[in-house]
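Structural overview for review
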Amino acid sequence: MNASPSSIIARTPSGFTGVLPDREKARELLSKHAEDLRAKGSEITTQLHAAAVKQRTALPATLPEGLFDAPKLTATEQLRLGRDGELRRTSRRGRGGECLQVVETALSPEQCWKQIRDVAEWSTLMRGVKSSRAAAPRADGVVRANFAVTKLRLPCALLLKEDRSGAGGHVLDFTLDPESPRVAVQRCSGRWTVERAAGGRTRVSLCAEIKATRLVPGQVVDYVATRALDRAVAWIPRARSSR
């Protein structure tokens, strides 16, 4: 089929439509096709946004395996804990690692738990936390809290949720909010556990899994993680053996 010089052959996604009588008709057809694409794109964008919001409203399942109860201690660690009232365990893999800090105290479980669950007051409880602000709990019990940490007042946001341990103790799960700025830490999750221990003591365990961004050397991960956990439990008086 031959088209006159003033005619145009228009192509749509379904194939050739044939010869159009003039350029105005072609523009009209292409304009309508562009509007259809914009409408579909807007619909896809809305669906993706809704999916992202839905994902953010649930506590991310990033808690590491083995942190659902107070960590198991070796016989040597038990002896050290009874003698010194505290112990620390760390392990690192590249820029990531796991840290554990355990303290035994003469404070009651209720006293310890009251302090730990009051997230909005962490800035007055823990060195290194310069400011802390917690939102109201959501329907699923998750609390979003914003912090400024270290002398540089780096921003950080955590999602926290209260729970119970298998031994009936108090638990506070935490994980880095997906929307939190990743200045130095790419991933951070863990758990506070408060349980009764032998001899009328209370055992407070803080364990965390941390992965730093590429800006942070691996050696710094060890130092920062250990220092952070030390400061987080520094307010708890140790119950040391008198022997």
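Cut-offs used in this document
Residues numbered from 1 in each chain as written. Predicted model: local features only at pLDDT ≥ 70, side-chain atom pairs only at ≥ 80, totals over all residues. Heavy atoms only, no water. Buried < 20%, exposed > 50% of the residue type's maximum accessible area, 1.4 Å probe, protein only. Helix = DSSP H or I, 4+ residues; strand = E, 2+ residues; numbered from the N terminus. Pairing = 2+ DSSP bridges. pLDDT = per-residue confidence, 0-100. Contact = heavy atoms within 4.5 Å. Salt bridge = Lys/Arg side-chain N within 4 Å of Asp/Glu carboxyl O. Axes fitted to C-alpha atoms, helices over the stretch in contact; angles between N-to-C directions. Polar contact = N/O pair within 3.5 Å; in protein donor to acceptor, adjacent residues only side chain to side chain. Core = buried A, V, L, I, M, F, W, Y, C linked by side-chain atoms within 4.5 Å. Phe/Tyr/Trp six-rings, centres within 6.5 Å; stacked < 30°, edge-to-face > 60°. Disulfide = S-S within 2.5 Å.

**Quick look at the pairing of strand β10 (residues 202-212)**
Summarising burial for β10: ten of the eleven residues are buried, a large majority. Looking at chain direction, strand β4 (residues 96-105) and β10 are connected through ten bridges and run antiparallel. Among the inter-strand pairings, V103 is bridged to a residue of β10, identified as V204. Bridge count for strand β9 (residues 185-196) against β10 is eleven bridges, and the pairing is antiparallel. Along β10, the bridge assignment pairs T193 with S205. Once β9 ends, the chain turns through five residues before running back antiparallel as β10, passing G199 with a positive phi of about 75 degrees.

**Remarks on the confidence of the model for the protein chain**
A residue-level look at the protein chain finds 66% of positions with pLDDT of 70 or above and a mean pLDDT of 76. Throughout residues 2-21 the model reports pLDDT below 50, and contacts reaching past four residues in sequence, or to other chains, amount to 30 contacts. Counted against residues more than four places away or in other chains, residues 44-67, with its pLDDT under 50, gives 27 contacts.

**Examining the pattern of salt bridges**
A pair can form between side chains of opposite charge whenever their charged atoms are brought close. Summed over the entire model, instances satisfying the criterion amount to twelve salt bridges. Of the charged contacts in the structure, one is a salt bridge between D173 and R191, with a shortest N-O distance of 2.5 Å. One end of the pair, D173, is in strand β8 (residues 170-176); the other, R191, is in strand β9, and 18 residues separate them in sequence. For D173, a relative accessible area of 5% corresponds to the buried category. Salt bridges linked by common partners bring E86, R238 and R240 together as one network.

**Examining the sheet that holds strand β5 (residues 129-134)**
Reading across from one edge, β3-β4-β10-β9-β8-β7-β6-β5 is the order of the eight strands in this open sheet, with antiparallel pairing throughout. Edge positions in the open sheet fall to β3 (86-93) and β5, since each of these has one partner strand only. Across the sheet, the mean angle separating the axes of adjacent strands is 15 degrees when strand polarity is ignored. Of the strand pairs in this sheet, β5 and strand β6 (residues 143-149) are connected by five bridges, and their pairing is antiparallel. If you follow S132 over to β6, its bridge partner there is F147. Contacting β4, β7 (154-164), β8, β9 and β10, helix α3 (residues 109-117) runs over the sheet at an angle of about 155 degrees to β9.

**What to know about the environment of K211**
Residue placement: K211 occurs in strand β10. Through-space distance from the C-alpha of K211 to that of V185 is 6.0 Å; in sequence the pair is 26 residues apart. For K211, the contacting residues outside a window of four places in its chain are R95, G96, V185, Q186 and R187.

**Points about the side chain of E104**
Tracing the sequence through the fold places E104 in strand β4. Within the structure, the side chain of E104 is placed 2.8 Å from the side chain of R201, a separation counted as a polar contact. Sequence-distant contacts of E104, that is, excluding residues within four places in its chain, are made with L81, G85, A197, R201, T202, R203, P237, R238 and A239.

**A closer look at the nonpolar core**
Core analysis: the biggest nonpolar cluster contains 31 residues, and I116, W122, M126, L160, L172, F174 and W192 have the highest contact counts within it. It is β10 that provides the largest number of residues to this core, a total of four residues. Among the nonpolar cores identified, the runner-up in size contains six residues, and L73, L87, L100 and V102 belong to it.

**Concerning the packing of aromatic side chains**
A ring pair, where both rings are aromatic, is described by two values, the distance of the centres and the angle of the planes. Evaluated as defined, the whole model comprises two aromatic pairs. With 5.5 Å between their ring centres and 20 degrees between their planes, W122 and F147 make a pair best called stacked. Highlighted residues: W122 in helix α4 (residues 122-125) and F147 in strand β6, separated in sequence by 25 residues. By the burial criterion, W122 is buried, and F147 matches it. Linked through ring pairs, W122, F147 and W192 together constitute an aromatic cluster.

**Section: the state of the cysteines**
Evaluation of the coordinates by the stated rule reveals zero disulfides. We note that C207 lacks a disulfide partner, and the nearest cysteine sulfur, in C99, lies 9.9 Å from it. The class for C207 is buried, based on a relative accessible area of 3%.

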